[in-house]
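Tertiary structure, described
Residue-level listing of the chains:
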Amino acid sequence: MFAHDGPVAWFMVVAYFCGGAVSYFPSRTAGSRRETWFWLGCTLLLVLLGLNKQLDFQSVITTVGRTLAHQEGWFEYRRLVQAVFVLALGAGAAGAMIVLSIWLRRSARPVKVAAGGLVMLLAFIVLRAASFHHMDAWVTADVAGMRSGWWLELAGILVIGLSAFVYSRRNRSSAG
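To keep things clear, this report deals only with the structure shown in the data block. (Residues numbered from 1 in each chain as written. Predicted model: local features only at pLDDT ≥ 70, side-chain atom pairs only at ≥ 80, totals over all residues. Heavy atoms only, no water.)

1. A closer look at the pattern of salt bridges
Note the following rule: By convention in these notes, a salt bridge is any Lys or Arg side-chain nitrogen within 4 Å of a carboxyl oxygen on Asp or Glu. Helical segments are the DSSP runs of H or I of at least four residues, strand segments are the runs of E of at least two, and each set is numbered from the N terminus. Any residue under 20% of the maximum accessible area for its type is buried, any over 50% is exposed, and the rest in between are partly exposed; the area is computed with a 1.4 Å probe on protein chains only.
Per the counting criterion, the structure on display carries one salt bridge. The partner of E153 in a salt bridge is K53, and the shortest N-O contact between them spans 2.8 Å. Of this pair, E153 sits in helix α7 (residues 148-175) while K53 is found in helix α2 (residues 33-55), placing the two residues 100 residues apart along the sequence. For the residue pair E153 and K53, the accessibility class agrees, reading buried in each case.

2. Let's talk about a nonpolar patch on the surface
How we decide: Each patch groups residues whose relative accessible area exceeds 30% and which form no salt bridge, using 9 Å between like charges and 5 Å between nonpolar side chains of Val, Leu, Ile, Met, Phe, Trp and Tyr. For accessible areas, the Shrake-Rupley method is used with a probe of radius 1.4 Å. Any residue's cover is judged against the shown protein chains and nothing else.
Where nonpolar side chains cluster on the molecular surface, the patch consists of F17, L44, V47, L48, L51, F57 and I61 and spans about 630 Å² of accessible area. Only α2 and α3 (57-72) provide two or more residues apiece to the nonpolar patch. Among the elements that make up the nonpolar patch, the one with the highest residue count is α2 (four residues). Examined against the element boundaries, F17 turns out to sit in helix α1 (residues 7-29).

3. Focus on helix α4 (residues 78-103)
Note the following rule: For a helix, the expected span equals 1.5 Å multiplied by the number of residues minus one.
With 26 residues, α4 should reach 38 Å at 1.5 Å per residue; the first-to-last C-alpha distance of 36 Å fits that figure. Every buried residue belonging to α4 is among Q82, V86, A93 and L100, and all of these are buried.

4. Observations regarding the packing of aromatic side chains
The condition is simple: Ring pairs shown here join Phe, Tyr and Trp side chains whose ring centres sit within 6.5 Å, with only the six-membered ring taken for Trp; geometry is labelled stacked below 30 degrees between planes, edge-to-face above 60, and tilted in between.
Tallied over the full model, the rule gives three aromatic pairs. For the pair Y24 and F25, a centre-to-centre distance of 6.1 Å together with 65° between the ring planes defines the contact as edge-to-face. For Y24, a relative accessible area of 36% puts it in the partly exposed group. A centroid spacing of 5.4 Å and a plane angle of 50° characterise the contact between W39 and Y167, whose relative ring orientation is tilted. Within this pair, whereas W39 is found in helix α2, its partner Y167 is found in helix α7, the two being separated by 128 residues in sequence. By relative accessible area, Y167 is classed as buried at 1%. Taken together, the ring pairs connect F38, W39 and Y167 into an aromatic cluster.

Put into structure tokens, the structure is as follows:
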């Protein structure tokens, strides 16, 4: 059931859940409804990505897609389908970045920095999706005992978590 049982994988799962927990607190003291929704969105996204990190839903989706491609007779075109999928995912990530930058343009600096962390996670997700399709070299290369892609993933989580901490601390001190 669990895709990754190694200590580094569990560390990443815990990092996601901790980042999600830390992101929840600023939603309670946010300066605007927009910032409240942003922090709640970060919380939900980090928790879901943590669950996915351990349960490996993308492998299930890949297996179902492969089986479907064989059954429906389009397996020989799988590279084209994979390329379209990665391009669509990349376009969606770029669109999300544009929407976030417009939506958060008047928000506090820690919110904007956290949005940068979300962009890092989106970049990781796109790279990881591409790596399912025979482009594993960069994402799986070992750097200081961890896959290089995990460093980008961890950086995104840390940026979001630290930004949430700074935002919470700032709002607590200005309210008190």
